[in-house]
Amino acid sequence: MNINLMQTNIAPLGQDNDSPKLINKLTDDVFYLTDNVSGEVKYLDVAFPDANKYWRIWGKQLMIKVCGGYVSPNTQALSARFSTVFQQLTKIKKLTAWATKHHPDRPLTQWGEHECSSFVNALAFNEIEVTGKPERFKVKELLAFQTINMELTLLKTTGKYYRKGLLNDGLLIHLPKDFIQTVLKQQVIDMGVDYVEWLKGGSFASIPLEISMLLLSEAIEILRRPSTHLLQAYFRAQRGEFKLSPSDVAFNRRNGKDPKLKQYINGEVLSKYQGANPNLNNTIKQFANNVEGEYAKLQGLDKPLPLSDIFTLKGSKHVNELCSEVYKACMIVFLCLTGIRIHELSNIDADDYDIKADGTWMFRTNINKTHLGLSEIRSMSGLVAEAAMILNDLSYVTKRGLPDEDSIPLFAQYFKAAHFNAPSGIKSNMLGLSTDYMRDQIQMFYETLIIKHGEHLRQICEKIIPHGFRHCFAELAIRRFDGDVLEAIRQHFRHRVGSSFTSSYTNNKGFDDIRQGAERRYIKELLYRMVGEDAGDFTGAMALHVRREVSKMAFRTPDELDEFINDLSNAFDSLTPHEFGFCLVLTETKHLSKCLDKKTGVPNLLDGCFELCSGCHHSFRSKKSNYDSVLRNVLSHEDFLERFPLKNSQHFKVSEQVVERGNKILDAME
């Protein structure tokens, strides 16, 4: 349908007036605008090269209305704030470019929700190409919510102008207030973006999984280095009865002589003259014995090594550098494996937790500090508890066991020589706890990785945004039994798994969307792996179902396969990884789940066990990830069958079924 502008409800302004005095005519490609703030005359490029004739004329009409209309009909002069108008011009260019490409002959009065949602999608994911678009904007994968909202507001405003007869075309359909959220929510979540933060306009960028894995791997390596164990042993000894002044006895001496500790390590005979401490010789020996003993425990040695073999600390500056690196690594471990927010991290006190016999750190709920957000992280175990222990160790100041009013932040940095013999009121001088400082430290840690591995990392992830670690937590938590995850991380989550494995670390406010996005991405990844090169690694009823569905189709291009996998992933209700396999629930067969609660009609997915799941239609397994666990289950039940005297009992029959089914599963994995 060809549209004649004269057929709409007003004629184009100034079209029939060829007076040389007139400016800003609809036939002009440049409008002149008097800035009503500075008084300067600015020009606006209104050529709209990406728009056809209809949308080009319409865009110019809208620009005139955005400026508030002509100041005088005799000259058609325009006056407005230039910066505001220029922003609106950018929006109009996008709208007219998209409309020309997708609806060249369809006026706004005929647009419905379908056209509007398509436009919002293209706008949100930066798919609208406009001539002269700056390079820095071309790389954006998702625009901010407010940017999209302002564009949609302009589109809605065209309807008001049209109804008043001020514009020849405008949007008439009523769009609900949450229209953008309805259109974009699931797609934003699927991208790995924190949906709640995106709505608020905060920093919502996620950290790519490969980068978070690299950060964690490096952090774990640092935490488990012999040099870190030596630091722990050194500081434990310095907080004990036999401690040595780091600025005189342990390290530096101003008279140019070797410090007493170095003399002892070198086997030199110590001077009898001890100054103010007549027992210094004995103190050094006891200090050395303490360091040797603590280091042996941390390294798991049968007997201590002599200090001369292990003491590699070169001085206070060297200690500071090593401790600073360890503290950064601990930040990475906490943020990535707990989902905690950075401002909450800076507020954790070392005494806020009690250490259980199994090494788990449990939050002391009787401490009323919820205003700091500390109630949101309830327990720490695995790698996080390991990092917390190290943070307490690497300090001249004792952080735990203090009265509540003297409690010290877990991340407070008291590892410099100046903190030796620190006063009891040291908390007032705590160092390195601002969130800005922590952000800088995290970015510095990443910069070190870039130097180590190459600039190509920056192309994957330019900057580390602390909030993005909440996505890392969700990604790693849901992959906790997947063989692709670093073994130390697998063990961390295996130790701390349960019916609320995410909420046991972090509160659920704003977190469900992150978790759902991670789950949806993982489902797609598993579907690809089940039908791709890793197909032979997967066995089980659901793996067969997926391959059968894919085999029904004939794909001519990779894009067609991508589209099919995306549609197929939406057919699943949920994914739950277990140590012995995966539970991938198909929505239409949800009622067939073996773990179904008959009273509620809802599957108890997180309470699944090998006995139930191994015979369920929704289960499948990976040899790489689950073989050892399945084998352990089978051997355990075989052992039970050999030892249990009542051969005809119900328990005996269940174990027989498990062994039979488990052996079939193991045979399929071979």
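Provided above is the structure to which this section pertains.
Residues numbered from 1 in each chain as written. Predicted model: local features only at pLDDT ≥ 70, side-chain atom pairs only at ≥ 80, totals over all residues. Heavy atoms only, no water.

Draft legend 1. Seen up close, the sheet that holds strand β6 (residues 379–380). Ordered by their spatial adjacency, three strands build an open sheet running β4-β5-β6, and the pairing between neighbours is antiparallel. The strands lining the two open edges of the sheet, one partner per strand, are β4 (353–355) and β6. Judged from the three bridges that link them, β4 and strand β5 (residues 361–363) form a sheet pairing that is antiparallel. Paired with D354 across the two strands is M362, which belongs to β5. Running over the sheet, helix α16 (residues 382–393) touches β4, β5 and β6 and is turned about 90° from β5. (Pairing = 2+ DSSP bridges. Helix = DSSP H or I, 4+ residues; strand = E, 2+ residues; numbered from the N terminus. Contact = heavy atoms within 4.5 Å. Axes fitted to C-alpha atoms, helices over the stretch in contact; angles between N-to-C directions.)

Draft legend 2. How the structure looks around the packing of helix α3 (residues 113–124) against helix α5 (residues 145–163). At a minimum axis distance of 10 Å, the contact between α3 and α5 shows a crossing angle of 145°. For the element pair α3 and α5, the recorded crossing hand is right-handed. Within the contact between the two elements, α3 uses C116, F119, V120, L123 and A124 and α5 uses I148, E151, L152 and L155. A per-class count over the contact of α3 with α5 returns eight nonpolar, no polar and one charged. (Left-handed = near helix turned anticlockwise from the far one by under 90°. Nonpolar A, V, L, I, M, F, W, Y, C, P; charged D, E, K, R; others polar.)

Draft legend 3. Summary view of the packing of aromatic side chains. In the structure shown here, the tally under the stated rule is 22 aromatic pairs. Taking the centre distance of 5.1 Å and the plane angle of 75° together, the rings of Y234 and F235 count as edge-to-face. Here Y234 matches F235 in class, with each residue buried. A centroid spacing of 6.3 Å and a plane angle of 65° characterise the contact between Y522 and F582, whose relative ring orientation is edge-to-face. Here Y522, found in helix α21 (residues 512–531), pairs with F582, found in strand β9 (residues 581–586); they are 60 residues apart in sequence, far enough to count as distant. Residue Y522 shares its accessibility class with F582, and that shared class is buried. Aromatic ring contacts, followed pair by pair, group Y234, F235, F251, F287, F311, Y396 and F420 into a single cluster. The ring of F420 has K243 lying over it, and the distance from NZ or CZ to the ring centre is 5.4 Å. (Phe/Tyr/Trp six-rings, centres within 6.5 Å; stacked < 30°, edge-to-face > 60°. Buried < 20%, exposed > 50% of the residue type's maximum accessible area, 1.4 Å probe, protein only. Lys NZ or Arg CZ within 6 Å of the ring centre and 35° of its normal.)

Draft legend 4. Molecular detail of the pattern of salt bridges. Taken as a whole and assessed by the stated rule, the structure comprises 25 salt bridges. Of the charged contacts, one joins D393 and R236 as a salt bridge, the two residues approaching to 2.8 Å between their closest N and O atoms. Here the residue D393 occupies a position in helix α16, and R236 occupies one in helix α9 (residues 226–238), the gap between them amounting to 157 residues. The closest approach of N and O atoms between E525 and R529, which form a salt bridge, is 3.2 Å. Of this pair, E525 and R529 both sit in helix α21, separated by four residues, roughly a single helical turn. (Salt bridge = Lys/Arg side-chain N within 4 Å of Asp/Glu carboxyl O.)

Draft legend 5. Spatial organisation of the side chain of E294. Structurally, E294 can be placed in helix α12 (residues 280–299). Side-chain polar atoms of E294 contact the side chain of R236, separated by 2.8 Å. The contacts of E294, once residues within four sequence positions are left out, are A233 and R236. (Polar contact = N/O pair within 3.5 Å; in protein donor to acceptor, adjacent residues only side chain to side chain.)

Draft legend 6. Examining the nonpolar core more closely. Core analysis: the largest hydrophobic core is formed by 89 residues, its most contacted members being F334, F411, F469 and I489. Counting residues per element, this core draws most heavily on helix α14 (residues 316–338), at 14 residues. Sequence-distant contacts of I489, that is, excluding residues within four places in its chain, are made with M213, L216, I220, L337, L383 and L476. (Core = buried A, V, L, I, M, F, W, Y, C linked by side-chain atoms within 4.5 Å.)

Draft legend 7. Highlighting the sheet that holds strand β2 (residues 41–45). Taken together, the three strands give an open sheet; going across it, the order is β2-β1-β3, and neighbouring strands pair in mixed fashion. At either margin of the open sheet sits one strand with a lone partner, and together these are β2 and β3 (78–80). Adjacent strand axes in the sheet meet at a mean angle of 40°, parallel and antiparallel pairs treated alike. Sheet topology places strand β1 (residues 30–35) next to β3; three bridges connect them, and they run parallel. Each residue of the ladder has a partner; that of L33, found in β3, is L78. Taken strand by strand, helix α2 (residues 82–102) contacts β1, β2 and β3, and its axis lies near 5° from that of β2.

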